Amino acid sequence: MTATPAKAPEPATSPAPGPAPTSPTAKAPHGHRRLLTRRDRVTLGLMAGVPTILHVALVWLTALASIALAFTTWDGIGFDSITWVGLQNFRELFTSNPQFWPAVEHNVIWFVVLILLPTPFGLFLAVQLDKKIRFSRVYQTAFFLPVVMSLAVIGFVWQLIYNPDTGLINSLIGANKPGHYIDWIGDPDLNLWAILIAASWRHAGYMMILYLAGLKSVDPALREASALDGASEWQTFKNVVFPTLRPTNTVVLVVTIIEALRAFDLVFVFNKGAQGTELLSILVTNNIIGESSRIGYGSAIAVVLLVISLAVIIPYLIATFRKERRA
Amino acid sequence: MSSHPSPTTTLNVALRAAPLNSGAPRKQRTPIRPARILLHTFLVVTALAWLAPLLWAMLAAMRPYAETSAKGYVSWPDKLSFDNFINAFQQSDMLHYFGTTLLIAVPAVLLTLLLSSMVAFYVSRFDFRVNLFLLLVFTAGNLLPQQVIITPLYRLYLLIDLPGITMSGKLYDSALGLVLIHVAFQSGFCAFVLSNYMRSLPHELTEAALVDGASVWRLYWQIVLPLCKPAMAALATLLSIWIYNDFFWAIVLISTGENMPITSALNNLSGQYFTDPNLVAAGALLTAVPTLIVYFALQRQFVSGLTLGANKG
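As the structure is a prediction and not an experimental result, all values here were calculated from the model.

Trainee: Would you explain the overall build of chain B in this entry?
Mentor: Each helix and strand in chain B was counted, giving 15 helices and zero strands. Taking all 313 residues of chain B together, the buried fraction comes to 61%. Of the contacts made within chain B by residues no fewer than 6 positions apart, 71% connect residues no fewer than 24 positions apart. As displayed, chain B has an accessible area near 12,200 Å², and 67% of this comes from carbon and sulfur atoms.

Trainee: Please explain the confidence of the model for chain B as it appears in this structure.
Mentor: Residue and element names in this part refer to chain B. Confidence in the prediction of chain B, expressed as mean pLDDT, is 85, and 87% of residues score 70 or more. Across residues 1-27, where pLDDT falls below 50, the model places 61 contacts with residues more than four positions away in sequence or in other chains. Across the whole predicted complex the pTM is 0.86, and at the interface the ipTM reaches 0.86.

Trainee: In this structure, what is going on with unusual backbone geometry? I would like to understand it.
Mentor: With the exception of glycine, the majority of residues adopt a negative phi angle, and the majority of peptide bonds are in the trans configuration. Phi at K132 of chain A is positive, roughly 55°, even though this residue is not glycine. Tracing the chain through its elements places K132 of chain A in the loop between α6 (118-129) and α7 (136-148). Not every positive phi belongs to a glycine, and D93 of chain B is a case in point at roughly 55°. The topology assignment puts D93 of chain B in the loop between α4 (83-91) and α5 (94-125).

Trainee: What am I meant to see in the pattern of salt bridges here?
Mentor: If the charged atoms of two oppositely charged side chains come close together, the side chains can form a pair. All names here are of chain A. Applying the stated criterion across every chain yields a total of nine salt bridges over all chains. Salt-bridge contacts for E92 lead to R294; the nearest nitrogen and oxygen are separated by 3.2 Å. Of this pair, E92 sits in helix α4 (residues 88-96) while R294 sits in the loop between α15 (280-289) and α16 (295-326), and the two are 202 residues apart along the sequence. For the salt bridge of E233 with K131, the shortest nitrogen-to-oxygen distance reads 2.8 Å. Taken as a pair, E233 in helix α12 (residues 233-244) and K131 in the loop between α6 and α7 lie far apart in primary sequence, 102 residues in all. Salt bridges sharing common partners tie together D130, K216 and R223.

Trainee: I would appreciate a short explanation of the nonpolar core in the present structure.
Mentor: Proteins that are soluble and globular tend to have nonpolar side chains buried together. Judged by nonpolar contacts, the single largest core of 204 residues is most densely connected at W110 and F144 of chain A together with F121, W249 and L253 of chain B. Not counting chain neighbours up to four residues away, the residues in contact with F121 of chain B comprise L44 and M47 of chain A together with F126, M198, V216, L219, Y220 and V224 of chain B.

Trainee: Help me understand the confidence of the model for chain A in this model?
Mentor: The predicted coordinates ought not to be read in detail in places where the model reports low pLDDT. Of all residues in chain A, 88% attain a pLDDT of 70 or more, and the chain-wide mean is 85. This model gives residues 1-31 of chain A a pLDDT under 50, and the stretch forms 34 contacts once residues within four places in sequence are excluded.

Trainee: Help me understand the UniProt feature "transmembrane region" (unreviewed entry) in chain A, please; the structure alone is not making it clear to me.
Mentor: This chain's UniProt record puts "transmembrane region" (unreviewed entry) on residues 42-71, 108-129, 141-161, 192-213 and 295-318 of chain A. Between the C-alpha atoms that bound residues 42-71 of chain A the distance is 40 Å, and the span itself is 93% helix and 0% strand.

Trainee: Would you explain the interface of chain B and chain A in this entry?
Mentor: Much of the literature gives interface size as the accessible area that the parts lose upon coming together. Counting residues at the interface gives 127 residues for chain B, matched by 123 residues for chain A. Carbon and sulfur atoms supply 75% of the area buried between chain B and chain A, which totals about 12,000 Å² over both sides. The interface formed by chain B and chain A holds zero salt bridges in total. Counting across the interface, chain B meets chain A through 17 residue pairs in polar contact (both at pLDDT 80 or more). Across the side of chain B that touches chain A, the residue classes break down as 81 nonpolar, 34 polar and twelve charged.

Trainee: Would you mind showing me how to read the packing of α12 of chain A against helix α13 (residues 246-262) of chain A here?
Mentor: To characterise two packed helices, one gives the angle between the axes of the helices and the distance between these axes. Residues and elements named next belong to chain A. Put simply, α12 and α13 touch, their axes get as near as 5 Å, and they point 60° apart. Taken together, the axes of α12 and α13 lie oblique to each other. Across from F242, P243 and T244 in α12, the residues of α13 making contact are R246, P247 and N249. A per-class count over the contact of α12 with α13 returns three nonpolar, two polar and one charged.

Trainee: Help me understand the packing of aromatic side chains, please; the structure alone is not making it clear to me.
Mentor: For any pair of aromatic rings, geometry is given as the distance between the ring centres together with the angle between the planes. Residues and elements named next belong to chain A. Counting across every chain of the model gives 34 aromatic pairs over all chains. Ring plane angle 25° and centroid distance 5.2 Å describe the contact between F264 and F268, whose orientation is recorded as stacked. What makes F264 buried here is its relative accessible area of 3%. Through a chain of ring-to-ring contacts, the aromatic side chains of F71, W84, F90, F94, F100 and W101 assemble into a single cluster. For K272, the ring lying beneath its charged end belongs to F268, and the centroid distance is 4.8 Å.

Trainee: Explain the environment of T112 of chain B to me, please; I cannot follow it from the model alone.
Mentor: Residues and elements named next belong to chain B. Looking at the element boundaries, T112 is found in helix α5. Separated by 51 residues in the primary sequence, T112 and P163 have C-alpha atoms spaced 25 Å apart. Residues in contact with T112, not counting those within four places in the same chain, are S117, H182, V183, Q186, S187, C190 and L239. Within polar-contact distance, the side chain of T112 engages the backbone oxygen of A108 at 2.5 Å.

Trainee: It is not clear to me how the domain arrangement of chain B should be interpreted in this structure. Could you clarify?
Mentor: All names here are of chain B. When the domains of chain B are assigned, the result is domain 1 (35-80) and domain 2 (83-308). Using C-alpha coordinates to define each centre, domain 1 is positioned 34 Å away from domain 2. Taken residue by residue, the interface counts eleven residues in domain 1 and nine residues in domain 2. Regarding the contact of domain 1 and domain 2, the summed buried area is about 700 Å², with carbon and sulfur atoms giving 60% of it. Interface area lost by domain 1 to domain 2 is led by A61, Y65 and Y73, which between them contribute 55%. Between K79 and D83 there is a salt bridge, and its shortest N-O distance comes to 3.7 Å. Going through the elements one at a time, α2 (34-61) and α3 (65-71) are the ones with two or more residues in the side of domain 1 that touches domain 2. The element contributing the most residues to the side of domain 1 that touches domain 2 is α2, with four residues. Along the lines of polarity and charge, the residues of the side of domain 1 that touches domain 2 split into eight nonpolar, one polar and two charged.

Trainee: Which parts of the structure should I look at to understand a nonpolar patch on the surface?
Mentor: Residues F79 and I82 of chain A together with L156, L159 and I160 of chain B make up a contiguous nonpolar surface patch of roughly 400 Å² in combined accessible area. Accessibility expressed as a relative area gives 30% for L156 of chain B, which makes it partly exposed.

About the cut-offs
- Residues numbered from 1 in each chain as written.
- Chains lettered and ligands numbered in written order.
- Predicted model: local features only at pLDDT ≥ 70, side-chain atom pairs only at ≥ 80, totals over all residues.
- Heavy atoms only, no water.
- Helix = DSSP H or I, 4+ residues; strand = E, 2+ residues; numbered from the N terminus.
- Buried < 20%, exposed > 50% of the residue type's maximum accessible area, 1.4 Å probe, protein only.
- Contact = heavy atoms within 4.5 Å.
- Areas by Shrake-Rupley, 256 points an atom, 1.4 Å probe, with all protein chains shown as cover.
- pLDDT = per-residue confidence, 0-100.
- Salt bridge = Lys/Arg side-chain N within 4 Å of Asp/Glu carboxyl O.
- Core = buried A, V, L, I, M, F, W, Y, C linked by side-chain atoms within 4.5 Å.
- UniProt positions renumbered as here; feature names shortened; annotations may be inferred.
- Buried area = accessible area lost by both parts, 1.4 Å probe.
- Polar contact = N/O pair within 3.5 Å; in protein donor to acceptor, adjacent residues only side chain to side chain.
- Nonpolar A, V, L, I, M, F, W, Y, C, P; charged D, E, K, R; others polar.
- Axes fitted to C-alpha atoms, helices over the stretch in contact; angles between N-to-C directions.
- Parallel < 35°, antiparallel > 145°, perpendicular 65-115°, else oblique.
- Phe/Tyr/Trp six-rings, centres within 6.5 Å; stacked < 30°, edge-to-face > 60°.
- Lys NZ or Arg CZ within 6 Å of the ring centre and 35° of its normal.
- Domains from an automatic or database assignment.
- Patch = residues over 30% accessible without salt bridge, like charges linked within 9 Å, V, L, I, M, F, W, Y side chains within 5 Å.

Printed below as a string of structure tokens:
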């Protein structure tokens, strides 16, 4: 397994990075279909059917069930106790839950920070590393290492830095003595930002790799032409390179929004989403593994998360697939 | 939103880009210029800053608790040793948790690749009406935040009785349950990537075989699948790391500490057994070792996988 992929496969390498070579496909399938025996049809049905049933049952039907449960109250014991309550869960969520709006705000902050700090920094690193320099791979590995590690492990590693007693920061600035504590994890004004530094640390490496791949697809002739025209490095980047990165930027934007909506592990390891680090994902989870098991209420939060996610996912996929079909 | 790269393109780019990253010597090496020196200085400093949290954890893990509590963490170490690693490994029965993780990750990776390649084969090689919709369902499902589905899933897992099949007698709190949700969730992403890959294979290959009377299964198993090895290798690397690193599913769907995979077990153990931060650091670093090994051994596959699936959160 390890040796073969090293030689990139002919079908993947040979075609120009233009439209996918699907043109001869368009007419062929009709011929195909006539050739299929009944057994073939059954095989095909099973090949598509089994995975689809598994995926739809565990992902989409449960998502639908979340929507249904959001309009009920249920203690989880027996189906008899499910009661339809209409919009009550949502009303309560929007008006009287003290954690809901802060959680929404924190999710938004999470996204804004990721898109404004580590994303441009990842792009900057990618541009530097794309300059055909020596040791490029060593640098890449250093920046990329956090992406390989579990977010939970990252949470533990950063706690060694933030711990009020024994952490690196407080030890360095002498704030680890009683009376001088800076509580990076417990202070509601600080903890979200402390966690976001750890999240950004990881995100930058991820963005760097995406942009590096994007930069490889920039036609070198464009850059040469620009250099010949006497454009400075910055001008070339701004007017020639960056515009061609548009597809990568779209992917980066979608990835970052989804990361912000999914954010969970780091916060859970840090302080379980208490005081100052509430997130929508944390509120949903607390309704399952916390003390309070309010299923309908938790589902209502999940529905909010679902609606926001679909508002991003659907336009993105429609655009992607439309392009695919035209290609 | 209109201009997303054809994912096939992304794949081509990724696979071609990979060898470039390998640092092979280039013919025209740029002469040493001040700008280059500045750039290298910047990169060295930033790279060290990037590694600093891990190096700090490593330093903490290599010092005895007694020493750090007496002298403080920011102090010159008298003695560095791997004692904490050995203690963490033994005290927390880490071998057992590596075992439970393997029991989940190996079947999950293999099943995901098998099932998603079948779907990909179906949608990319035959022109059925539902294809596009099917692929859309799979891909969108993978992009959802897990918390959207967890509440009903949790209830469902509690409802499904599997006496004698799993230790818990239910889908809940079982390795099987985790395998199933990993497969269901990740197959969305893999089906998307593999279908794009398969679409780039020449159609003549399968057409000729079909005319010769080969069955659909043979087309899939003997012709298409072997050609997909590079993409499968990339996905396998990516999936192993993702599934190994999973925290959320395991935290919610496993209740018995012993059944937990290592990443979530660490969360439990850090409160129960590990008495000092140095031991926690050692435990956390040990947990990361397998992913680092996989990454360093299969770096190219990992990176190409990540970029070919650029829509992955």
